[in-house]
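Each chain, written out:
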Amino acid sequence: MEAIEMEEPPLTPTSTAFDDDAAADICTSILTRFGNSTREDHQHLCAVIGGMAQGFKDQNLPPSPIAYFGAACSSLDRILSEPEPSGHMIDALLTILSMAVRKVSPAILVKKSDLVNGLLVRALLSSSLTVAGAVSGLKCIAHLLIVGSRVNHNNWSDISQLYGFLLSFATDSRPKVRRQSHLRLRDVLQSFQGTSLHSPASQGITDLFKRFILLAGGTKPAASEGPKGSLEVLYLLDAFKECLALMSTKNKNEILELFKPLLGLQNPVVTRRITDGLYRLCLESCPDVSPQILLDQLCLLSLSVSNNKTSVDDMTFTARLLNIGMAKVYSLNRQMCVIKLPTVFSALRDILGSEHEEAIHAAVNAFKSLIHACIDESLIKQGVDQIVKNGNMDERRSGPTVIEKVCAIIESLLGYHYTPVLDLAFQVVSAMFDKLGVYSSYFMRGTLKSLADMEKLPDEDFPFRKELHECLGMALVAMGPETFIGFLPLNLEAEDLSEVNVWLFPILKQYTIGARLSFFAESILGMVEVIRNKSRQLESQGRIFSSRSTDALIYSLWSLLPSFCNFPSDTAESFNDLKQALCNALRDEPEIRGIICLSLQILVQQNKKIAEEVNDPSDSKVGTAKQRAMANYTPQVMTDNLSVLKSSARDILTVLSGVFLNSAKDDGGCLQSTIGEFASISDKAVVSRLFLSNMHKLLRVTKEARAAASSSDSNSMQRALLFDLAVSFLPGLNADEVDVLFNAIKPALQDDEGLIQKKAYKVFSIILRDFDGFISSKLEDLLRLMVELLPSCHFSARRHRLDCLYLLIVHVSKSETEQRWHDIISSFLTEIILGLKEANKKTRNKAYDILVQIGHACGDEEKGGKKENLYQFFNMVAGGLAGETPVIISAAMRGLARLAYEFSDLVSSATNLLPSTFLLLQRKNREIIKANLGLLKVLVAKSQAEGLQLHLKSMVEALLKWQDDTKTHFKAKIKLLLEMLVKKCGLDAVKAVMPQEHMKLLTNIRKIKERKDKKQQASRSEEAKSHASKATTARSFYFTVLELYMHMNNTASVHM
């Protein structure tokens, strides 16, 4: 009969008595749980507890835990006195007793201990007892032992007999009874902690273990005992998973010593149980474990792996045990741990070379974890000192240090034996580079060379190119670009360009951080000059193609500059040395201006961000390399960097301004952005002088344009450039200078030249966006100006005009009263709605953004809005449906569709407009029909089925009027809408309102839907069948190829 499982917490000193309300009715809890069960043991339990409860009621006794306790004991004594006691009755009474005993006070239990102990021993020895009864009885015994330990802290003789009885069940042949014994031994040992009972209790387990080891080994301590003990040893090894960490220090280490000969048996069943126990021990906080003994166990396991004596299934667990075990030893005794690291790393290497996917990943995780936890600065420094002391490493006399052995093992992971797992091996190598840092150059030279050699492999033979580059990137981060390039030179001096290591450029660009600007100025720019001279020489020889290829190398070298400007370590010391080269390149080399501008922006932005203590969301998961580089940016370093950049701002701004005015175009606005960054940190006097000089030029050119009958293209382009340059200085201007700029663009906002008007509006929008306080100080004038300028607005300037409107409306929504806001919106709503019909996509998107922004300002209660305001705004837009022209009607429909899509609260209001949209569908205007179909698509997608049902018939009829029209190309849109209606309302509902002549269309939609559903179901089934990853499949293939290759080599060796 199965044991009756009662949910009980572990028995601890703080939970032995009164865990529940003492007045709780045990009968009710049992009947509630088992009253409806059909199992015979549950029915017996309910009958017994019900009989007890009825007896209490008949005798007017309260159903208290003491009453149940007494009734269970007396009934159990009576049942056990019978010649053939009922097993079901014993089980039920022991179950009730196990529940009652937890609620009875310790004083009563101690007083009645002799009686209860005797009853439990008799019950557990009864031949009628089942597994269920044994489990309940062991719970009672454990509770009595815990209570006894709390009352008699130092009297072992009072509980030793009962403890021994509990311990005897640790080797019981019944699995559930044995498991329960192990759990209760754990609870008892936990309660004995800190008392004099702890040591003899632990010794009892140790003695029992020794006795069974002797029996299993053939030594008979007593003639009465036969040749047994092997199974008992296994059972006690299972018990150690729960109990070993709780035993006394002496016995704990004694048990660990006894593990050694058992591990030497190389028996998988024994070894697995020992590793389980060691794993649980290492997870616990046990500072009293002998590190030497624990380390010996781990080394034995490591050797068993290296000697191929570990089963594949055990490799995974061994790798995990080595991981936490060595970390445990390191925390106890660092010196012991590091000496044995090569042994453990060799074992992990062998596991990595296995074909078992789970074991491989466990080994990789162990490698990375141990590299991080056990390889410390002292170990690395010891290896560096030894290498430096020996000087010439080819003639060294001393043996390799621990760190050198470990690095040699890591390097061996790149051998051909590990080709199938190279992607994971690269992770281990990267972790080692990261740990060694700048000292990688002492230990990982061979590894770096092996990685570089792999780059030469063809793609068809090497599928791990991305992982290789990531590993090389980590090597670059660890060593720094100077050392990295020293070991892996770019080889730019090669006569044959195919021999240049151009594959290094992407790695250098992506992973360089915290480098020295001086290295770029001296070495990289030195290479640029060499390559430039070589290009001229090739061109003079008539080798034009080779010359152009060489010029590409110059661009690649310059492309490294942004990476060298990524948190450089010597900005304050070296920027001035680099400044002149950058200025010359800005003037003379247009193709690399973007690179230089980006680099300068990075320098300024990073230092400003640190100075302003701005937390970039993208920095929340920065790598260790960036953390190290940022750690060097102390407040003093940042101040020095900004001081140098500020002192250079005048020269750089002058060069950038000149280049900007003389360049045909500013790709991506890089020159403007760079001017703005330096203007933000420069002295105000410098920026003011450059700005006013530019404004004088703008005034002169504007006068010349007015004096001429018609402005030439060159004159207009120059004015446009001067406008752009003037607004680039905005971050460094004061309020008066901003007013000067604003007054300068006012006439240009009405200029007949579309280019000038467009630039003026762009400058206007930038002022509104970036200069705080400008809108609030001139709001009325700005609103009036926008109204006055509307008639003269050129079509090319409408997007930037909408930008201005957007910024003004956002400001108004935050600061003005509701009525004032309503009036302002009404003034510009028609213009915004018509913007939805603009040919320019950016203009249309800006109009949509304004509509959505107004909607949020109306409806977001967090921003002071109300739902009523949102509905009112929606109705204002809907007023456009009554417009006189197709343009305004279709534009209003687009606006309504966008608002309904953004705000779910508006769907019901939009649905109320359906009758009007159905009427508009009758118009023979393609523009209106197209916008109408877009609105209907949004409503069908966002509405509930119930709301659509009311208008379903009218909607289907209105749509089908255009189904057969071949001129307007709406057939596909209408079919899509019908498919959406079928999906939303159901096929039957649409079929009920579908005209008979269009039933073929509905049938086609149904068939397409069924085919699609079948295809999706087949795809899901196919996906469910394949759980193996691509990596696993690839690894299996490589292992097969590797085995075949090794077999061919062995065969060849035999024949030779």
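Up top you'll find the structure we're talking about.
A brief report on the enclosed structure follows. (Residues numbered from 1 in each chain as written. Predicted model: local features only at pLDDT ≥ 70, side-chain atom pairs only at ≥ 80, totals over all residues. Heavy atoms only, no water.)

Looking at the overall build of the chain
In terms of regular secondary structure, the chain is built from 53 helices and 0 strands. Every one of the 1056 residues in the chain was classed for burial, and the buried ones make up 50%. A sequence separation of at least 24 residues applies to 73% of the contacts in the chain between residues at least 6 apart. Total accessible area computed for the chain in this model is approximately 50,100 Å², and 52% of it derives from carbon and sulfur atoms. (Helix = DSSP H or I, 4+ residues; strand = E, 2+ residues; numbered from the N terminus. Buried < 20%, exposed > 50% of the residue type's maximum accessible area, 1.4 Å probe, protein only. Contact = heavy atoms within 4.5 Å. Areas by Shrake-Rupley, 256 points an atom, 1.4 Å probe, with all protein chains shown as cover.)

Examining the nonpolar core
Counting residues in hydrophobic clusters, the biggest one holds 339 residues, and the most contacted among them are Ile410, Trp558 and Phe764. If near-sequence neighbours (up to four positions away) are discounted, Trp558 is found in contact with Phe520, Leu525, Val528, Arg532, Ala581, Leu582, Ala585, Glu589, Ile592, Ile595 and Ile596. (Core = buried A, V, L, I, M, F, W, Y, C linked by side-chain atoms within 4.5 Å.)

Structural notes on the pattern of salt bridges
Per the counting criterion, the structure on display carries 44 salt bridges. Two residues, Asp187 and Arg184, come together in a salt bridge whose shortest N-O distance is 2.7 Å. You can see Asp187 and its partner Arg184 sitting in helix 9 (residues 175–192), 3 residues apart, about one turn around the helix. Note on accessibility: Asp187 and Arg184 belong to one class, buried. Residues Asp551 and Arg548 are paired through a salt bridge, measuring 3.7 Å at the closest nitrogen-oxygen approach. In this pair, Asp551 and Arg548 both sit in helix 28 (residues 544–558), 3 residues apart, roughly one turn of the helix. With a relative accessible area of 29%, Asp551 lands in the partly exposed category. What makes Arg548 partly exposed here is its relative accessible area of 44%. (Salt bridge = Lys/Arg side-chain N within 4 Å of Asp/Glu carboxyl O.)

Comments concerning the layout of surface pockets
Roughly 530 Å³ of volume is contained in the largest pocket. In this structure, the largest pocket is lined by 29 residues; those nearest its centre are Gly437, Val438, Val477, Ala478 and Arg628. Sorting the residues of the lining of the largest pocket by element identifies helix 19 (377–390), helix 21 (422–436), helix 24 (465–479), helix 25 (481–487) and helix 32 (624–631) as the ones contributing at least two each. Class assignment for the residues of the lining of the largest pocket results in 16 nonpolar, 7 polar and 6 charged. (1 Å grid on protein atoms, 1.4 Å probe; cavity = no way out; pocket = protein on both sides within 12 Å on 5 of 7 lines; lining within 4 Å. Points joined across faces, edges and corners; volume = space filled by probe spheres on them. Nonpolar A, V, L, I, M, F, W, Y, C, P; charged D, E, K, R; others polar.)

Describing the packing of aromatic side chains
Enumeration over the complete set of coordinates arrives at 19 aromatic pairs. Judged by centre distance (5.2 Å) and plane angle (85°), the rings of Phe165 and Phe169 are edge-to-face. Measuring from ring centre to ring centre gives 5.0 Å for Tyr279 and Phe317, while their planes differ by 45°; the resulting arrangement is tilted. Placement of the pair is Tyr279 in helix 13 (residues 268–283) and Phe317 in helix 15 (residues 312–332), with a sequence separation of 38 residues. Take Tyr279: its relative accessible area is 22%, and that puts it in the partly exposed class. Judged by its relative accessible area of 13%, Phe317 falls in the buried class. Grouped by ring-pair contacts, the aromatic residues Phe519, Phe520, Trp558 and Phe564 constitute a single cluster. Here Arg178 stacks its cationic end above the ring of Tyr235, 3.7 Å away from the centre of that ring. A cation sits over an aromatic face here: Arg211 above Phe212, 4.8 Å from the ring centre. (Phe/Tyr/Trp six-rings, centres within 6.5 Å; stacked < 30°, edge-to-face > 60°. Lys NZ or Arg CZ within 6 Å of the ring centre and 35° of its normal.)

Quick look at a positive patch on the surface
On the surface, a cluster of positive charge is made up of Arg926, Lys930, Lys937 and Lys973. When residues of the positive patch are assigned to their parent elements, the largest contribution, 3 residues, is made by helix 48 (residues 926–942). As for its placement among the helices and strands, Lys937 is situated in helix 48. For Lys937, a relative accessible area of 41% translates into the label partly exposed. (Patch = residues over 30% accessible without salt bridge, like charges linked within 9 Å, V, L, I, M, F, W, Y side chains within 5 Å. Lys, Arg positive; Asp, Glu negative; His and termini not counted. Charge placed at Lys NZ, Arg CZ, Asp CG, Glu CD.)

Concerning helix 19
With 14 residues, helix 19 should reach 20 Å at 1.5 Å per residue; the first-to-last C-alpha distance of 20 Å fits that figure. Among the residues of helix 19, Leu379, Ile380, Gly383, Val384 and Ile387 are the ones counted as buried. Viewed end-on, helix 19 has its buried residues packed into an arc of 135°, placing them on one side of the element. Away from its buried face, by an angle of more than 90 degrees, helix 19 presents the exposed residues Glu377, Val388 and Lys389. Contacts made by the buried residues of helix 19 are with helix 16 (334–339), helix 17 (341–352), helix 18 (357–374), helix 20 (402–412), helix 21 and helix 22 (440–443). (Expected span 1.5 Å × (residues − 1). Arc of directions from axis to C-beta.)

Here's the deal with unusual backbone geometry
Phi is positive for Asn60, close to 60°, though the residue is something other than glycine. Checked against the element boundaries, Asn60 lands in the loop between helix 2 (40–58) and helix 3 (65–80). Residue class for Asn60 comes out exposed when judged on its relative accessible area of 70%. Positioned with a positive phi, Phe567 is a non-glycine residue whose angle comes to about 50°. On the secondary structure map, Phe567 appears in the loop between helix 29 (561–564) and helix 30 (571–588).

Description of the side chain of Thr271
Here Thr271 shows up in helix 13. Every residue in contact with Thr271, bar those within four places of it in the chain, is listed here: Leu263, Gln266 and Leu301.

A look at the environment of Ile255
Summarising the element assignment, Ile255 is placed in helix 12 (residues 249–264). A relative accessible area of 0% means that Ile255 is categorised as buried. A C-alpha to C-alpha distance of 6.7 Å links Ile255 and Thr206, two positions 49 residues apart in sequence. Other than its neighbours up to four places away in sequence, Ile255 contacts Thr206, Phe209, Phe240, Leu244 and Met247.

Concerning the packing of helix 24 against helix 26 (residues 504–511)
Put simply, helix 24 and helix 26 touch, their axes get as near as 9 Å, and they point 55° apart. Taken together, helix 24 and helix 26 sit at an angle that is classed as oblique. For helix 24 against helix 26, the interelement crossing comes out right-handed. Taken together, the residues of helix 26 that come into contact with helix 24 (itself represented by His469, Glu470, Leu472, Gly473, Leu476 and Val477) are Ile507, Leu508 and Tyr511. (Axes fitted to C-alpha atoms, helices over the stretch in contact; angles between N-to-C directions. Parallel < 35°, antiparallel > 145°, perpendicular 65-115°, else oblique. Left-handed = near helix turned anticlockwise from the far one by under 90°.)

Quick word on a negative patch on the surface
A cluster of acidic residues, Glu818, Glu861, Glu862 and Glu868, forms a negative patch at the surface. Summarising the element assignment, Glu818 is placed in helix 42 (residues 818–835). Residue class for Glu818 comes out partly exposed when judged on its relative accessible area of 44%.

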